[in-house]
Amino acid sequence: MPSESPVSGRLPTFPWDRLEPYKTTAAGHPDGIVDLSVGTPVDPVPPLVRRALTEAADSPGYPTVWGTRALRDALTGWCERRLGAQGLTERNVLPVVGSKELVAWLPTQLGLGPGDRVAFPRLAYPTYEVGARLARADHIAYDDPLELDPTGLKLLWLNSPSNPTGQVLPPEKLRAVVAWAREHGVLVFSDECYLELGWETDPVSVLHPEVCGGSTDGLVAVHSLSKRSNLAGYRAAFIAGDSEVLGELLEVRKHGGMMTPAPVQAATVAALGDDTHVAEQRERYRARRTQLRGALEAAGFRIEHSEASLYLWATRDESCWDTVADLAKHGVLVAPGDFYGPAGARHVRVALTATDERVAAAAQRLRA
């Protein structure tokens, strides 16, 4: 081993390891565990996606990092149709090997390092911080990005709809942040992986002309097919936006061999070309959300934000770990809010990603 500290020494304890004792408790319930913690899809992969994957299975050659022309056309077409983006070309899109990989290695691939700063929301997906740590860059959590000191700030993460809270930033707020970032030369990456799962409002992309003024300068949106198409196991995701930024990332990723497998590229084309399965999956989640929210509120929880995404952000005004322990005794496993920052210490995140039968079981136990 080298004498210097291993890379893992820069990183926090992997949060999900801390949940294992509570998972064991929940698994001991006579009727089995209801796991509402991680948020991994459980519903079937759409048949048309599986067919596309199978038909492309005979792919003996190396795929390209940039993806096939069919994939790039599918990405630009979807961004125009679904996000309202205008004027995109193939230079404005890039497939990635799952969005978590992109988040974790982005600061490194952008060449950030000591003295550079990465900013992300106070309550946030922990991999934003991990990415900064891997690059040895500084990081700062914000309540309002417009109150940040832009000195040394090279990368600003937005996350709307939010993981974990489900909060959605309105277009006027996004527009103000984009204007501020451009004024100060700060690159904005907007994590929009839950954009198609709005319940009480319709989330808007930073690439919408009302937000960006029809220009992608300084802006990149991150999207994933994991939740909207049940493709978490495929690692199918992409970024869209500033062609100069994406061009630099393409060159770096080519050297790193970060290639989306050819069958997954074909599956992504099929998934993005079909809206029916997305609507069907939304309705599954809508029904589960309604059932879980009612049961949580009946059990004395208060639901905050949660106007979009795959989670309910719930509190009983007690330590999140006390809530996790109590629910585990009833065979229900949820994520403690402090996984997403100290500001979540009195909340838990409840995922909608369980089968109808398991969600019904959880609701029954919560109401008991």
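Refer to the structure printed above.
Report on the accompanying structure. (Residues numbered from 1 in each chain as written. Predicted model: local features only at pLDDT ≥ 70, side-chain atom pairs only at ≥ 80, totals over all residues. Heavy atoms only, no water.)

### Observations regarding the environment of V222
Item 1. Residue placement: V222 occurs in strand β7 (residues 219-224).
Item 2. Classification of V222 by relative accessible area gives buried; the value is 0%.
Item 3. Separated by 16 residues in sequence, V222 and F238 place their C-alpha atoms 6.2 Å apart.
Item 4. Beyond its immediate sequence surroundings of up to four residues, V222 is in contact with S99, L102, W157, F189, S190, D191, E192, C193, F238 and I239. (Helix = DSSP H or I, 4+ residues; strand = E, 2+ residues; numbered from the N terminus. Buried < 20%, exposed > 50% of the residue type's maximum accessible area, 1.4 Å probe, protein only. Contact = heavy atoms within 4.5 Å.)

### Notes on the packing of helix α4 (residues 99-109) against helix α5 (residues 127-134)
Item 1. Two numbers describe how α4 lies on α5: the axes approach to 6 Å, and their chain directions differ by 35°. The hand of the α4/α5 crossing is right-handed. Contacts between α4 and α5 involve K100, V103, A104, W105, P107 and T108 from the former and T127, Y128, G131, A132 and L134 from the latter.
Item 2. Taken together, the residues of the contact of α4 with α5 break down into seven nonpolar, three polar and one charged. (Axes fitted to C-alpha atoms, helices over the stretch in contact; angles between N-to-C directions. Left-handed = near helix turned anticlockwise from the far one by under 90°. Nonpolar A, V, L, I, M, F, W, Y, C, P; charged D, E, K, R; others polar.)

### Points about the packing of aromatic side chains
Two measures describe an aromatic ring pair: the distance that separates the ring centres and the angle between the ring planes.
Item 1. Evaluated as defined, the whole model comprises ten aromatic pairs.
Item 2. Seen in terms of ring centroids, W157 and F189 are 5.6 Å apart; in terms of plane orientation they differ by 65°. Their pairing is edge-to-face. Of this pair, W157 sits in strand β5 (residues 153-159) while F189 sits in strand β6 (residues 187-191), and the two are 32 residues apart along the sequence.
Item 3. Among the residues examined, F189 registers a relative accessible area of 0% and is labelled buried.
Item 4. A cation over an aromatic ring shows up here: R72 above the ring of W66, its NZ or CZ 3.8 Å from the ring centre.
Item 5. Seen from the ring of Y311, R349 lies directly overhead, with NZ or CZ sitting 3.7 Å from the centre. (Phe/Tyr/Trp six-rings, centres within 6.5 Å; stacked < 30°, edge-to-face > 60°. Lys NZ or Arg CZ within 6 Å of the ring centre and 35° of its normal.)

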